[in-house]
Amino acid sequence: MEFKIEKAPLLEGLYYAQGIADRKATMPILANVLLRTEGPDRVVVAATDLNITVTTEIPCEVISEGGLTVGAKHLHDIVKSLPGERLGIRRTENQYAEITAGKVNYRMVGLADRDFPRLPNHREVSFARVESAVLRDMVAKTFFSISTDETRYHLNGVLFECDGNGDKALARMVSTDGHRLSKCERLLPGGPRVSPGVLIPRKGLMELRRALEGADTHVEIGFHQGHVFLRSRGTALSVKLNDAQFPPYEQVIPREHERLIVAPRDALLDALKRISLIASDKTWGIRLSMDKGTLRIESDNPDLGQGREELDVSYGGSDMTIGFNARYLIDILGEIDTPQVRLELNGELDPALLRPAEEKPGPGSYLGVVMPMRL
Amino acid sequence: MPSQSRPRIAVLPPELANQIAAGEVVERPASVVKELCENSIDAGARRIEVEIDRGGLGLIRVTDDGCGMTEEEAQLSLLRHATSKLHRIEDLLSLHSLGFRGEALPSIAAVSRFRLVTRTALDEGAVCLEVEGGRPCGPPRPASAPVGTQVEVRDLFYNVPARLKFMKGQATEIAHAAEAVLRLALAYPEVHLRLRSGTREVLDLPPHPDRMERAQAALRTRLREHTTLYAAAGEQDGIRVEAQLGAPSEATATPRNVFLLVNGRFVRDRSLLHAVVTGYGEQLPEGRYPLCVLHVTLPPGEVDVNVHPQKLEVRFQRPHEVYAAVRHTIGRTALAAPWILPQGPARVYHLGAAARAGEPVPSPYGEPRSGHGAQVSAPQIHPGVEHQLSPVVMEPDRRCPQPMLRFQVLSSEQSEPAPPRRFFSAMNYLGQFQRTYLVCEHEHDLVLIDQHAAHERLLFERLRAARADGSAPLRSQRLLLPVQLELEPAQAALVQEETETLARLGFELVPFGGRSFVLQAVPDVAAFGRGARTYQDPANLLQRVLDELSEHGRSETVQARIERVLATVACHSVVRAGDVLDEPKARALLSAMDEVDFVPHCPHGRPVLVRLSLAEIERRFGRT
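Quick caveat: nothing in here was measured; it's all calculated off a predicted structure.

Some remarks on the overall build of chain B
Here is step 1: Regarding its fold elements, chain B presents 16 helices and 26 strands.
Here is step 2: A buried classification covers 52% of the 624 residues belonging to chain B.
Here is step 3: Pairs at least 24 residues apart make up 69% of the contacts formed inside chain B by residues separated by at least 6 positions.
Here is step 4: Accessible surface computed for chain B: about 29,400 Å², of which carbon and sulfur atoms make up 53%.

Rendered as structure tokens:
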């Protein structure tokens, strides 16, 4: 197997690949990148950790067909350092890969390409073309509340649903770690029909987010055989979905409230950040006290001292004090982009709802639910 | 119905019954060694010689100088349930002997070629009895032997081929036999015990004046870094606890070096083991076990020893009190951390020498005790004064009557706080090495202190003190998705009894009918931390707390979790290796270390300081 290729596109493909290749895996071949010719003028660059797979098709001049695998990180670093615009890669005896550019020559130890795990075939997937900015926004708004506990399989991912309603398709992402929940709905014109929803694991979502950041204005998304596929230009990412039942989240979103605070978003966010500077160790406990027109944010930490800030807000209910993990409120406020926010409360042990005070026109919404702390 | 005849119920012939019974008591050669030595100790022997051959399968011979038996008694001793140690069932409650069932000798005789030679002080000559596979080979015949008893067991299991097949290699069986002798040796320091295998001497423990010296001598080969053990003693609710502790650096991955002795009897007990480990606290890295000999003494009526065929398990009437007594006694010594003090050939400790009955109080500057290996004399329990330990005095080199370092091992009666120590601030600071270690001179030793570990421990102690101040319930985080749990009946009952305790720990549980509960809130620290040993799953955390509550009547998991959080906080907010510390900063750190209950390990279990003695340095320079 031998081909000649432009350096820049190959480097881009290798960059994605080395991010996925799993150097700590017990299977040595997972640390390698697969290079396999595809017809007379293409090569596929692929890496996988068995759950997440990235493949990039790059134009090249195929001299003889075949494939090889070598260490992804090292090949990336070597190609990056090569002089000139073009290079050649050739398989030699004993699975060695020979890389040549001008007068530079490397021979790298490789493993047979037939041992490389089979790649999910995205040719059978029916793709939907959607706006990447919308997907990116939805991921950002729900990513932080995914459980980081990989043993809690059903919470270690984001629920994705979409009604596939043509130009009026409505997509939804929900995540929860058991203490708080975030839910984001957006119009996703041309979105696929995904119902019932699927659970995209946290680690895979990180890769999707990375791919979306570098993508064009539109990407192709598809769901097939327990995988989600994302395709943009020549790069395709596939992520194995979590086969688990997401909890019935609608039940825990409070529908009514006894108390409503409308507060300026920036002032509230800044105050929470300021006061939590003195909050206790790693659990960020703060207290919110409210009476007519005022919201008081307090923290009391025996090791450090106390902090207090008063905010003028719109509030007409009865006095109440409630404790929260400030981090949970800050995470959600950070993703709300309207000047005013609504904090809807019931009792001091009941879930609190945080959402933009005025939604943008058209369907779509964002909200966060946070459980209080007993301080 | 098939025509086969119905199985008939019949009484087993006595030989077979004996063989079956023997299977319970005599598991392997080491069990024979244990049973015979226990008999010797019950007979008041001061010297016991054990010889074994082919790992005990060829020969086991136990010779003692105990009270011996008359001919009539010797014959009776081979009958099942014949014993001199128990006459009425009530005697079980006031049992002071190791044996009581009258099973050992007939069981052993049933599965071997057995010979018993015994003589009392009143008899002119000895009597000899021989039994083969449970059948006497003729009447007793006269023999000549000194006062005492000798039992010879040859060809063990020759008539139980099934058991013989399960025997391990000779080396293993010898090791088991040695372990059996060692366990008895730890409990009975006044008895001279010897074990020989073929011509090789495996163990020779001459009489020792006390348990500490016996433990020191018997476990010398198991001590790796420190050459000494440390004493702990106390009494609580009529439960006397005495222990010889190894430094935390001697910890092993299995509890093989933990010897639990209840009223002189070696036992296996998970709860006692847990108490020992908890006593050491976080000085012991997680999942490690210390080297420790624990003696628990309590009225015989409060322990049921008759629950296990080999008496390896016991039941306590007041298990929680026993647990607490052990944990507190060990905890007190571990907190004082005697292992931080200088040790090694250049140093001599006197531990409680003043309490030695009838002896004048030696001057702290008196002649150091000479001796090799064991340089610690154990705390003596003065017969009149219940467990009053005198202060532990570390004696500095005599040429230099310089600052005397005193600290106390408090017995449970003494509850006043230890006097403020000046240990670290008394050191002469020399400089920083590799921007990581503080080099100090202390008396005649060179002391290296890991600046990161020391600072980390300091901050950890402060955080812990602040957290422990408030007796308010712990903070708890309510769950968005309450977890429904189906508990086992015992656990469900426990939850109902301990609702308040659980609430104080931060768990909110609401009954949901039957054995179902809904978990609505968890301690705030539950969400913090990742990794194999943390439990983010709320149900998992609760399960662990419940297990501990049911087993020990208390739970340390939440406290441990808080400490782990604090340890991480501490770890990230202190000086690191590689940070330059100028002299004022280094001195400030040293004196701050004296202000807290300083434990010489960082919260993750690494040591804070390393000490090189002058003698060690001189030895390396060839000056001695």
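Quick look at the overall build of chain A
Here is step 1: Secondary structure summary: chain A contains six helices and 27 strands in total.
Here is step 2: Long-range contacts, defined as pairs at least 24 residues apart, comprise 65% of the intrachain contacts of chain A with a sequence gap of at least 6.

Quick word on the sheet that holds strand β8 (residues 97–101) of chain A
Residues and elements named next belong to chain A.
Here is step 1: Spatially, the five strands line up as an open sheet ordered β5-β1-β7-β8-β9, and their pairing is antiparallel. Each of the sheet's edge strands pairs with one partner strand only, and the pair in question is β5 (61–64) and β9 (104–108). Between one strand and the next, the sheet's axes are offset by a mean angle of 15 degrees, whatever the strand orientation.
Here is step 2: Across five bridges, the pairing between strand β1 (residues 2–6) and strand β7 (residues 86–91) is antiparallel. Note that in β7 the partner of Glu 2 across the bridge is Arg 90.

Describing the sheet that holds strand β16 (residues 218–224) of chain A
Strand pairing in a sheet relies on backbone hydrogen bonds. The paired strands run either parallel or antiparallel.
Residue and element names in this part refer to chain A.
Here is step 1: Taken in spatial order, the nine strands line up as β10-β6-β2-β3-β4-β18-β17-β16-β11 in an open sheet, and their pairing is antiparallel. The open sheet has two edge strands with one neighbour each: β10 (110–111) and β11 (128–131).
Here is step 2: With seven bridges joining them, strand β3 (residues 42–48) and strand β4 (residues 52–59) adopt antiparallel strand pairing. Across the sheet, residue Ala 47 finds its bridge partner in β4, namely Val 54.
Here is step 3: Along the sheet face, helix α1 (residues 7–20) touches β2 (32–37), β3, β4 and β18 (235–240) and points at about 170 degrees away from the line of β4.

Considerations on the side chain of A:Ser276
All names here are of chain A.
Here is step 1: With respect to the element layout, Ser 276 can be found in helix α5 (residues 265–276).
Here is step 2: Classification of Ser 276 by relative accessible area gives buried; the value is 7%.
Here is step 3: Separated by 3.1 Å, the side chain of Ser 276 and the backbone oxygen of Lys 273 make a polar contact.
Here is step 4: If we skip the residues at most four places from it in the chain, Ser 276 touches Trp 284, Ile 286, Ala 326 and Ile 330.

A look at the pattern of salt bridges
Here is step 1: Here the structure, examined in full by the defined rule, presents 53 salt bridges over all chains.
Here is step 2: The partner of A:Glu6 in a salt bridge is A:Arg86, with the nearest N and O atoms 3.3 Å apart. You can see A:Glu6 sitting in strand β1 and its partner A:Arg86 sitting in strand β7, a full 80 residues away along the chain.
Here is step 3: By relative accessible area, which is 36% here, A:Glu6 ends up partly exposed.
Here is step 4: Given a relative accessible area of 38%, A:Arg86 falls into the partly exposed group.
Here is step 5: We note a salt bridge from B:Glu152 to B:Arg61, for which the minimum N-O separation is 3.1 Å. Of this pair, B:Glu152 sits in strand β7 (residues 148–154) while B:Arg61 is found in strand β2 (residues 59–64), placing the two residues 91 residues apart along the sequence. Per residue, the accessibility class of B:Glu152 equals that of B:Arg61, and both read buried.
Here is step 6: Bridged by salt links that share partners, the residues B:Glu51, B:Arg61, B:Arg115, B:Glu152, B:Arg154 and B:Arg196 form one connected network.

Re the pairing of strand β22 (residues 305–312) of chain A
Working note: regular strand, side chains alternate between the two faces of the sheet.
Residues and elements named next belong to chain A.
Here is step 1: Taking every second residue as pointing to the same face, the buried face of β22 carries Gly 305, Gly 307, Glu 309 and Leu 311, while none of Gln 306, Arg 308, Glu 310 and Asp 312 on the other face is buried.
Here is step 2: Here strand β21 (residues 294–301) pairs with β22 via eight bridges, running antiparallel. Looking at β22, one finds that Ser 299 is bridged to Gly 307.
Here is step 3: The turn joining β21 and β22, which pair antiparallel and follow one another in sequence, is formed by three residues.

A look at a nonpolar patch on the surface
Here is step 1: Where nonpolar side chains cluster on the molecular surface, the patch consists of B:Leu12, B:Leu16 and B:Ile20 and spans about 260 Å² of accessible area.
Here is step 2: Structurally, B:Ile20 can be placed in helix α1 (residues 14–25).

Thoughts on the packing of aromatic side chains
Here is step 1: All chains considered together, the criterion is met by five aromatic pairs over all chains.
Here is step 2: Consider the rings of A:Tyr15 and A:Tyr16, whose centres lie 6.3 Å apart with planes at 50 degrees: the pair is tilted.
Here is step 3: For A:Tyr15, a relative accessible area of 41% gives the class partly exposed.
Here is step 4: A ring pair is formed by A:Phe127 and A:Phe229, whose centres lie 6.5 Å apart and whose planes are at 85 degrees; its orientation type is edge-to-face. Pair noted here: A:Phe127 is in the loop between β10 and β11 and A:Phe229 is in strand β17 (residues 227–232), with a separation of 102 residues, a long-range link.
Here is step 5: If you follow A:Arg209 out to its NZ or CZ, it ends over the ring of A:Phe143, 4.3 Å from the centre.
Here is step 6: Against the face of B:Phe266 rests B:Arg183, its NZ or CZ located 3.9 Å from the ring centre.

Section: unusual backbone geometry
Here is step 1: Residues A:Ser195 and A:Pro196 are joined by a peptide bond in cis, for which omega reads 5 degrees.
Here is step 2: Its place among the elements puts A:Pro196 in strand β15 (residues 193–201).
Here is step 3: In this structure, A:Leu50 takes a positive phi of about 80 degrees despite not being glycine.
Here is step 4: Within the chain, B:Gln434 stands out as a residue other than glycine whose phi angle is a positive 55 degrees.
Here is step 5: Assignment of secondary structure puts B:Gln434 in the loop between β20 (428–433) and β21 (437–442).

Some words on the nonpolar core
Considering soluble globular proteins, one finds that nonpolar side chains tend to be buried as a cluster.
Here is step 1: A:Leu35, A:Leu135, A:Phe160, A:Ile200, A:Leu288 and A:Ile297 are the most contacted members of the largest nonpolar core, which has 98 residues in total.
Here is step 2: Membership of the second largest hydrophobic core comes to 63 residues, among which are B:Ile52, B:Val62, B:Leu182 and B:Leu203.

Brief notes about the confidence of the model for chain B
Residues and elements named next belong to chain B.
Here is step 1: This prediction gives chain B a mean pLDDT of 75; 75% of its residues lie at or above 70.
Here is step 2: Of all secondary-structure elements in chain B, the lowest mean pLDDT belongs to strand β17 (residues 348–351), at 30, while β2 reaches the highest, 94.
Here is step 3: Below pLDDT 50 for its whole length, residues 343–420 participates in 131 contacts with residues either more than four positions away or in separate chains.
Here is step 4: Note that pLDDT drops below 50 for residues 529–535; the model gives that stretch 13 contacts with residues more than four away or on any other chain.

Let's talk about the packing of helix α2 (residues 29–42) of chain B against helix α6 (residues 170–187) of chain B
All names here are of chain B.
Here is step 1: The N-to-C vectors of α2 and α6 enclose an angle of 25 degrees; their axes lie 8 Å apart at closest approach. One element, α2, and the other, α6, form an angle in the roughly parallel class. Classified by chirality, the crossing of α6 by α2 is right-handed. Of the residues in α6, those touching α2 at Pro 29, Ala 30, Val 33, Lys 34, Cys 37, Glu 38 and Ile 41 are Glu 173, His 176, Ala 177, Ala 180, Val 181 and Leu 184.
Here is step 2: Looking at the contact of α2 with α6 residue by residue, the classes come out as nine nonpolar, one polar and three charged.

Concerning α2(B)
Residue and element names in this part refer to chain B.
Here is step 1: When the terminal C-alpha atoms of α2 are compared, their 20 Å separation across 14 residues agrees well with the 20 Å that a helix rising 1.5 Å per residue should span.
Here is step 2: Extensive coverage of α2 is indicated by the burial of 12 of its 14 residues.
Here is step 3: For α2, the complete set of buried residues consists of Pro 29, Ala 30, Ser 31, Val 32, Val 33, Lys 34, Glu 35, Leu 36, Cys 37, Glu 38, Ser 40 and Ile 41.
Here is step 4: Looking at the packing, one finds that the buried side of α2 touches α1, β1 (47–53), β2, α4 (104–110), β7 and α6.

Here's the deal with the side chain of B:Thr118
Here is step 1: Mapped onto the secondary structure, B:Thr118 falls in strand β3 (residues 113–119).
Here is step 2: There is a polar contact of 2.8 Å between the side chain of B:Thr118 and the backbone nitrogen of B:Met69.

Details of the environment of A:Phe144
All names here are of chain A.
Here is step 1: With respect to the element layout, Phe 144 can be found in the loop between α3 (132–143) and β12 (157–163).
Here is step 2: For Phe 144, a relative accessible area of 18% gives the class buried.
Here is step 3: Residues Phe 144 and Tyr 328, spaced 184 residues apart in sequence, show a C-alpha to C-alpha distance of 9.1 Å.
Here is step 4: Leave out the neighbours within four places in its chain, and Phe 144 touches Arg 180, Ser 182, Asp 331, Ile 332, Glu 335 and Tyr 366.

Rules of the game
Residues numbered from 1 in each chain as written. Chains lettered and ligands numbered in written order. Predicted model: local features only at pLDDT ≥ 70, side-chain atom pairs only at ≥ 80, totals over all residues. Heavy atoms only, no water. Helix = DSSP H or I, 4+ residues; strand = E, 2+ residues; numbered from the N terminus. Buried < 20%, exposed > 50% of the residue type's maximum accessible area, 1.4 Å probe, protein only. Contact = heavy atoms within 4.5 Å. Areas by Shrake-Rupley, 256 points an atom, 1.4 Å probe, with all protein chains shown as cover. Pairing = 2+ DSSP bridges. Axes fitted to C-alpha atoms, helices over the stretch in contact; angles between N-to-C directions. Polar contact = N/O pair within 3.5 Å; in protein donor to acceptor, adjacent residues only side chain to side chain. Salt bridge = Lys/Arg side-chain N within 4 Å of Asp/Glu carboxyl O. Patch = residues over 30% accessible without salt bridge, like charges linked within 9 Å, V, L, I, M, F, W, Y side chains within 5 Å. Phe/Tyr/Trp six-rings, centres within 6.5 Å; stacked < 30°, edge-to-face > 60°. Lys NZ or Arg CZ within 6 Å of the ring centre and 35° of its normal. Core = buried A, V, L, I, M, F, W, Y, C linked by side-chain atoms within 4.5 Å. pLDDT = per-residue confidence, 0-100. Parallel < 35°, antiparallel > 145°, perpendicular 65-115°, else oblique. Left-handed = near helix turned anticlockwise from the far one by under 90°. Nonpolar A, V, L, I, M, F, W, Y, C, P; charged D, E, K, R; others polar. Expected span 1.5 Å × (residues − 1).

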